[in-house]
Protein chains: 2
Amino acid sequence: MSEWYQHAAAVLPNPSGNIAERRMAPPALAISTVIFALKPSVNSGRPTLWLPLVRRIREPFKGQWALPGGPLVHDESLQEAASRNLLETTGLAPRYLEQLYAFGGLHRSPSQRVVSIVYWALVQSEEAELPGEEENVRWFRADRVQGLAFDHQEIVDYALWRLRNKMEYASIAYHFLGEYFTLAQLREVYEAVLDRPLDPANFRRHVTNAAGIEPSDRYLQGGKHRPPRLYRYTGPAPSSTTAPNSTSAENRGTP
Amino acid sequence: MSEWYQHAAAVLPNPSGNIAERRMAPPALAISTVIFALKPSVNSGRPTLWLPLVRRIREPFKGQWALPGGPLVHDESLQEAASRNLLETTGLAPRYLEQLYAFGGLHRSPSQRVVSIVYWALVQSEEAELPGEEENVRWFRADRVQGLAFDHQEIVDYALWRLRNKMEYASIAYHFLGEYFTLAQLREVYEAVLDRPLDPANFRRHVTNAAGIEPSDRYLQGGKHRPPRLYRYTGPAPSSTTAPNSTSAENRGTP
DNA sequence: TCAAAAGTGTTATCGGTACACCCATGT
DNA sequence: ACATGGGTGTACCGATAACACTTTTGA
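A few points on the structure. The structure displayed is predicted, hence computed values, not measured ones.

Conventions we followed
Residues numbered from 1 in each chain as written. Chains lettered and ligands numbered in written order. Predicted model: local features only at pLDDT ≥ 70, side-chain atom pairs only at ≥ 80, totals over all residues. Heavy atoms only, no water. Near = heavy atom within 4 Å. Polar contact = N/O pair within 3.5 Å; in protein donor to acceptor, adjacent residues only side chain to side chain. Helix = DSSP H or I, 4+ residues; strand = E, 2+ residues; numbered from the N terminus. Phe/Tyr/Trp six-rings, centres within 6.5 Å; stacked < 30°, edge-to-face > 60°. Buried < 20%, exposed > 50% of the residue type's maximum accessible area, 1.4 Å probe, protein only. Lys NZ or Arg CZ within 6 Å of the ring centre and 35° of its normal. Nonpolar A, V, L, I, M, F, W, Y, C, P; charged D, E, K, R; others polar. Pairing = 2+ DSSP bridges. Axes fitted to C-alpha atoms, helices over the stretch in contact; angles between N-to-C directions. Contact = heavy atoms within 4.5 Å. Expected span 1.5 Å × (residues − 1).

## A few points about the protein's contact with DNA strand D
Link 1 in the chain: Lining the immediate surroundings of DNA strand D are 19 residues, of which Asn 202, Lys 224 and Arg 226 of chain A together with Arg 204 and Arg 205 of chain B lie closest.
Link 2 in the chain: What you see for DNA strand D is that sugar and phosphate hold 61% of its atoms within 4 Å of the protein.
Link 3 in the chain: Within the contact set of DNA strand D, a base oxygen lies 2.8 Å away from a side-chain nitrogen or oxygen of Arg 226 of chain A.
Link 4 in the chain: In the model, a base oxygen of DNA strand D is placed 3.1 Å from a nitrogen or oxygen of the His 225 of chain B side chain.
Link 5 in the chain: Where the surface near DNA strand D is concerned, the elements lending two or more residues are helix H6 (200-209) of chain A together with helix H5 (183-194) and helix H6 (200-209) of chain B.
Link 6 in the chain: With four residues, H6 of chain A is the largest single contributor of residues to the surface near DNA strand D.

Printed below as a string of structure tokens:
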């Protein structure tokens, strides 16, 4: 799954590609996905942002970590291809999936011209453990990845910026959580992503006034203190749609 | 310039492509651009949004209007390709250029699979007249285009939404205007794009408080009334950069 | 009974909106 | 002088932020 350049190479008359042929051949098209999940920090136990990377088993950048991705193949929409990436890497279906950007710089890959259409996704924390620790797939803290293959560092940084930005105005935090969650859990999601503390009182009002979130009559038992009420997200489920004309694919602000 | 599918076809073993071959061949990659400019309305004389379209001279959709675009060729970044589109269609260099979205549905083109990376651009009103009315390039009012080739109607709608959305939080309106402009002119830009009247008093305060706009000591003479002061935009000039890590490529809100 | 989180109430402040008003110029 | 757009002042309203306070549970 980390080996897509073989596909593109197959299209070329000459796999390694001399300069003239490289100039004339159409760019290869690849899909990559930045997958975010929350996992408890090793130290504090508080939730933090993690993402899975795949170790490259061939040149270029052999041995380095890269975003999961692959070629865009027959009979697959862009979104479907990203969804398949996600499934193959984490064993999960995306809770949220949206196009990030198309990266098409001339020298992203040393061997040939590749245009990558990148998606970003949110998956649920508990589920994210499942994939049985394959040797070549590993989870990293999102704010500490470095030394990635290609321009993937830049892509991760941009995806992170986009996630933080979008979190502030769109209802996407829910997709990190299960069906039932407490307001404190939801607040921890925001705090982990935005990396700053939020006032619990104001956060409560803000989120309960927003549409799409409903109190249930269940309570979370087993805590040390007063059992908090459980809530549910009842808004639209963009599980597989964030294209034009649906729920926006965009951000705002200044990074 | 409206004929890019010939390029992609050349890559295929069989131009028309039977089903099996179409399934296996990699998708063609194209760049298209939605180009916005303000022109005086024929009736009211007030500025309105226009965009140039290109008439298709071959099947599919022969005779219908489509976005200017072309194949992504050797030695050209995505941005450069979009910029070239723009130059070839309007004779203009973009004042503002940003990636919109990558459209990759399976059946966008009846003859073969095409993935289009679409950019959107703003150009200056007066300059936009220049290109000597070629037969196959024509300007249309942005809110009245219809019956476009491929999925270009959807693309235009999305670009329009993005423009309106971004106008509300980012400093892009300036790119429709020349170096010096009055606040009334700037307000007319906003009113034309957002399609609603704005309070002149509040607009003034809003825009003068914003960074990047400076009053000059010049005044616009020749009007019927008190000569208004001319302002200049002195913020960053994203003439050719709106990629990740620069000034964002995004929006917000709900269409 | 006490600690700590759940949950409510109160107030100050800020930004946006509406709109009354004065200013400067061509006719 | 007067009509008109340029430009300023001000009052209101809703959203946010800060923080004091009450409630409910486990230990």
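## Side note on the packing of aromatic side chains
Link 1 in the chain: Applying the stated rule across the entire model yields 18 aromatic pairs over all chains.
Link 2 in the chain: Relative to Phe 181 of chain B, the ring of Tyr 174 of chain B has its centre 5.9 Å away and its plane inclined at 45°; by these criteria the two rings are tilted.
Link 3 in the chain: When its relative accessible area of 1% is taken as the criterion, Phe 181 of chain B is described as buried.
Link 4 in the chain: One cation-aromatic arrangement involves Lys 39 of chain A over Trp 139 of chain A; the distance from NZ or CZ to the ring centre is 4.7 Å.
Link 5 in the chain: Its guanidinium or amino end placed over the ring of Tyr 180 of chain B, Arg 218 of chain B lies 4.3 Å from that ring's centre, counting from NZ or CZ.

## Considering the protein's contact with DNA strand C
Link 1 in the chain: Taken together, 17 residues surround DNA strand C, and among them Arg 205 of chain A together with Asn 202, Lys 224, Arg 226 and Pro 227 of chain B come closest.
Link 2 in the chain: Within the side chain of Arg 205 of chain A, one N or O atom sits 2.8 Å away from a base oxygen of DNA strand C.
Link 3 in the chain: At 3.2 Å from a phosphate oxygen of DNA strand C is found a main-chain nitrogen or oxygen belonging to Arg 229 of chain A.
Link 4 in the chain: Contributing elements (two or more residues each) for the surface near DNA strand C: H6 of chain A together with H6 of chain B.
Link 5 in the chain: Classifying every residue of the surface near DNA strand C gives five nonpolar, four polar and eight charged.

## Observations regarding the sheet that holds strand S9 (residues 213-219) of chain B
Residue and element names in this part refer to chain B.
Link 1 in the chain: With antiparallel pairing, three strands are arranged side by side in an open sheet as S8-S10-S9. The open sheet has two edge strands, strand S8 (180-182) and S9, and neither has a second partner. Going from strand to strand, the sheet's axes swing by 45° on average, the running direction of each strand aside.
Link 2 in the chain: Running over the sheet, H5 touches S8, S9 and strand S10 (229-233) and is turned about 80° from S8.

## Description of H5 of chain B
Given 3.6 residues per turn, any residue in an α-helix points the same way as the ones three and four places further on.
Residues and elements named next belong to chain B.
Link 1 in the chain: In this model H5 runs 16 Å from its N-terminal to its C-terminal C-alpha over twelve residues, within 8% of the 16 Å that 1.5 Å per residue would give.
Link 2 in the chain: Counting buried residues along H5, nine of its twelve residues qualify, which places the element largely inside the surrounding structure.
Link 3 in the chain: The set of residues buried in H5 consists of Leu 183, Leu 186, Arg 187, Val 189, Tyr 190, Glu 191, Ala 192, Val 193 and Leu 194.
Link 4 in the chain: With its phi angle positive at about 60°, Asp 195 sits one or two positions after the end of H5.

## As for unusual backbone geometry
Residues and elements named next belong to chain A.
Link 1 in the chain: Cis geometry is adopted by the peptide bond preceding Pro 60, which originates at Glu 59 and carries an omega value of -5°.
Link 2 in the chain: Mapping Pro 60 onto the fold places it in the loop between strand S2 (47-55) and strand S3 (65-66).
Link 3 in the chain: The phi dihedral of Phe 150 falls on the positive side, at around 50°, and the residue is not glycine.
Link 4 in the chain: The exposure class of Phe 150 is buried, given its relative accessible area of 11%.

## Some points on the sheet that holds strand S9 (residues 213-219) of chain A
Residues and elements named next belong to chain A.
Link 1 in the chain: Sheet architecture is open: three strands sit in the order S8-S10-S9, paired in antiparallel fashion. Two strands close off the open sheet at either side, each with one partner strand: strand S8 (180-182) and S9. With direction set aside, neighbouring strand axes in the sheet form an average angle of 45°.
Link 2 in the chain: As judged from the three bridges shared by S8 and strand S10 (residues 229-233), these two strands associate in the antiparallel manner.

That's the geometry; what it means functionally is another story.
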